[in-house]
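A closer look at the structure
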Amino acid sequence: DFNNPQMSEHLWLYEGMTEYAAHHAQLKGGLIDINDFLNTMMQKYANSVESYNDTMSFTYMSKNVLNEKIHTQYGNVYEKGAVISMCLDILLRDLSDGEYGTQELMRDLAVKYGKDKSFEDKDLFNDIEKLTYPEVGAFLRNHVGGRQPLPMEDILRRVGIQFN
């Protein structure tokens, strides 16, 4: 409805996941190496902390992004949104011993909802938790729906990277 748009709380999923997937696909396809990928993601993280309100709930920002005061935060969808997706991918892979990541999550969400059925914003975190792990639901509620900063040190430690 272009006359009365209703924004979703989940721009991190629509735009941030797409941004992450674009960079991750280059890594998987051998177009870039792991250092290039990590440098890009860490630059996105730095941009998200330095240029945007890192304590604003990402779901709140998404839902209210058309508000003039909040709209200045929209670019963070491509910065922090991508980093959220990277963190989610690492968390999923760690919890599943490498068997399940964001690509599999997106496939499972597509099966659950399909092209003709939308999810309810309020249900998405619970639906993802049911498909995955309680730790994933807690991550989403605390760091995407909540105001807690991304747990970069913990997440990167899971793949053997020391975060400073």
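Residues numbered from 1 in each chain as written. Predicted model: local features only at pLDDT ≥ 70, side-chain atom pairs only at ≥ 80, totals over all residues. Heavy atoms only, no water.

**A few points about the environment of Gly-81**
- Among the structural elements, Gly-81 can be located in helix α5 (residues 76–95).
- On a C-alpha basis, the gap between Gly-81 and Trp-12 in space is 4.6 Å, while along the polypeptide they are 69 residues apart.
- Apart from the residues within four sequence positions on either side, Gly-81 is in contact with Trp-12, Gly-16, Met-17, Phe-58 and Asn-76. (Helix = DSSP H or I, 4+ residues; strand = E, 2+ residues; numbered from the N terminus. Contact = heavy atoms within 4.5 Å.)

**Comments concerning the pattern of salt bridges**
- In total, this model carries nine salt bridges according to the counting rule given.
- The salt bridge involving Glu-19 is made with Lys-44; its shortest N-O contact spans 2.8 Å. Within this pair, whereas Glu-19 is found in helix α1 (residues 11–28), its partner Lys-44 is found in helix α2 (residues 34–51), the two being separated by 25 residues in sequence.
- Assessed through its relative accessible area of 9%, Lys-44 is described here as buried.
- A salt bridge links Lys-122 to Asp-123; the nearest nitrogen and oxygen atoms lie 3.3 Å apart.
- Under the relative-accessibility criterion, Asp-123 is labelled partly exposed at 26%. (Salt bridge = Lys/Arg side-chain N within 4 Å of Asp/Glu carboxyl O. Buried < 20%, exposed > 50% of the residue type's maximum accessible area, 1.4 Å probe, protein only.)

**Some details on empty space enclosed by the protein**
- In this structure the tally under the stated criterion is one cavity of 30 Å³ or more.
- Roughly 40 Å³ of volume is contained in the largest cavity.
- In this structure, the largest cavity is lined by Asn-53, Met-56, Ser-57, Phe-58, Met-61, Gln-73 and Asn-76.
- Classifying every residue of the lining of the largest cavity gives three nonpolar, four polar and no charged. (1 Å grid on protein atoms, 1.4 Å probe; cavity = no way out; pocket = protein on both sides within 12 Å on 5 of 7 lines; lining within 4 Å. Points joined across faces, edges and corners; volume = space filled by probe spheres on them. Nonpolar A, V, L, I, M, F, W, Y, C, P; charged D, E, K, R; others polar.)

**Considering the packing of α1 against α2**
- Running from amino to carboxyl end, α1 crosses α2 at an angle of 165°, the nearest separation of the two axes being 9 Å. Here α1 is positioned roughly antiparallel relative to α2, judged by the angle of their axes. Seen along the crossing, α1 lies across α2 with a hand that is right-handed. For the pair formed by α1 and α2, the contact residues are Glu-19, Tyr-20, His-23, His-24 and Leu-27 on the first element and Ile-34, Phe-37, Thr-40, Met-41 and Lys-44 on the second.
- In the contact of α1 with α2, the residues fall into five nonpolar, three polar and two charged. (Axes fitted to C-alpha atoms, helices over the stretch in contact; angles between N-to-C directions. Parallel < 35°, antiparallel > 145°, perpendicular 65-115°, else oblique. Left-handed = near helix turned anticlockwise from the far one by under 90°.)

**A closer look at the packing of aromatic side chains**
- As enumerated under the stated definition, the model contains six aromatic pairs in all.
- Centre to centre, the rings of Tyr-45 and Phe-163 are 5.5 Å apart; their planes meet at 80°, and the pair counts as edge-to-face. With Tyr-45 in helix α2 and Phe-163 in the segment after α9 (152–157), this pair connects stretches of sequence that are 118 residues apart.
- You can call Phe-163 partly exposed: its relative accessible area is 24%.
- Grouped by ring-pair contacts, the aromatic residues Tyr-14, Tyr-113 and Phe-119 constitute a single cluster.
- Taking NZ or CZ as reference, Lys-112 lies 5.6 Å from the ring centre of Tyr-113, over its face. (Phe/Tyr/Trp six-rings, centres within 6.5 Å; stacked < 30°, edge-to-face > 60°. Lys NZ or Arg CZ within 6 Å of the ring centre and 35° of its normal.)

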